[in-house]
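Each chain, written out:
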Amino acid sequence: MEYREEDYLMLSGIQHFSFCRRQWALIHIEQQWDENLRTVEGNLFHQKAHDGYSSEKRKDVIISRGMPVFSRKMGVSGVCDIVEFHRDDERGISIYGREGKYLVYPVEYKKGQPKEEESDLLQMAAQAMCLEEMLACDITKGYLFYGEIRRRIEVVLDEGLRQRVSDSFAEMHQYFQRRFTPKVKRTKACNACSLKNLCLPQLMKDRSVKEYISRRIGEEEEN
């Protein structure tokens, strides 16, 4: 199955979806957004990683910034912060206009530090899977660069991680087609979410309007 371009979802949304399905739906389905200090700092940090598409060559490494990517199979599109092409004439692929062959490695920039949840890993893995489809190559690993620790973390792209990426996008497409915004249970992470005033997680435990009306009608019929 391949998706039409008009049905593509934002690749970066997989990070929101992994963190909180309701947050993703509020942003990508209901088009709601609110800034806080963390989101502003994150946007500024990414602007330093790339400002439009550009590339440069450092010895045997080509560095591409702001590279657009997409996948017809997963139905997503987005932009990679950095894609590095390391020359390897034995295992690499050919690049138009460049001598030699190259291995491909996506590098995703994050402002903070490594997290316990795998949202960052899923986003970087999704970029790699798009690049594989576009360039007809195999990518074995990628990198996450964290601003607070000022170094990159290597991520091995195993089958389990790839499957979680595919499953996440399939579920996201189902929600998007249904225009469905799920409820969630309130957690400590809600306090740091920029959408907490729009999401109102403290109300999630309350009954829905439909449930309330049904209960009231039932009470009136009994009386």
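Residues numbered from 1 in each chain as written. Predicted model: local features only at pLDDT ≥ 70, side-chain atom pairs only at ≥ 80, totals over all residues. Heavy atoms only, no water.

(A) Region of the structure containing the packing of helix H2 (residues 21-28) against helix H5 (residues 159-178). Where H2 contacts H5, the axes come no closer than 11 Å and their chain directions differ by 50°. Taken as axis vectors, H2 and H5 run oblique relative to one another. When you trace H2 past H5, the crossing you get is right-handed. Of H5, the residues touching H2 (which contributes Arg-21, Trp-24 and His-28) are Glu-171, Met-172, Tyr-175 and Phe-176. For the contact of H2 with H5, a count of residues per class yields 4 nonpolar, 1 polar and 2 charged. (Axes fitted to C-alpha atoms, helices over the stretch in contact; angles between N-to-C directions. Helix = DSSP H or I, 4+ residues; strand = E, 2+ residues; numbered from the N terminus. Parallel < 35°, antiparallel > 145°, perpendicular 65-115°, else oblique. Left-handed = near helix turned anticlockwise from the far one by under 90°. Contact = heavy atoms within 4.5 Å. Nonpolar A, V, L, I, M, F, W, Y, C, P; charged D, E, K, R; others polar.)

(B) Looking closely at the environment of Val-83. If you trace the backbone, Val-83 turns up in strand E4 (residues 76-87). Not counting the four nearest positions on each side in its chain, Val-83 is found in contact with Ile-62, Ile-63, Ser-64, Met-67, Val-104, Tyr-105, Pro-106 and Leu-131.

(C) Inspection of the pairing of strand E7 (residues 141-146) at higher detail. Counting buried positions over the 6 residues of E7 gives 5, a clear majority of the element. When strand E6 (residues 101-110) meets E7, the two strands line up parallel, connected through 4 bridges. In the strand pairing of E7, Val-107 is matched with Tyr-143. Pairing between E7 and strand E8 (residues 151-156): 6 bridges, direction antiparallel. The residue bridging Gly-142 from the neighbouring strand is Val-155, located in E8. If you look at the hairpin formed by E7 and E8, you'll find 4 residues sitting between the two strands, and Arg-150 has a positive phi there, around 55°. (Buried < 20%, exposed > 50% of the residue type's maximum accessible area, 1.4 Å probe, protein only. Pairing = 2+ DSSP bridges.)

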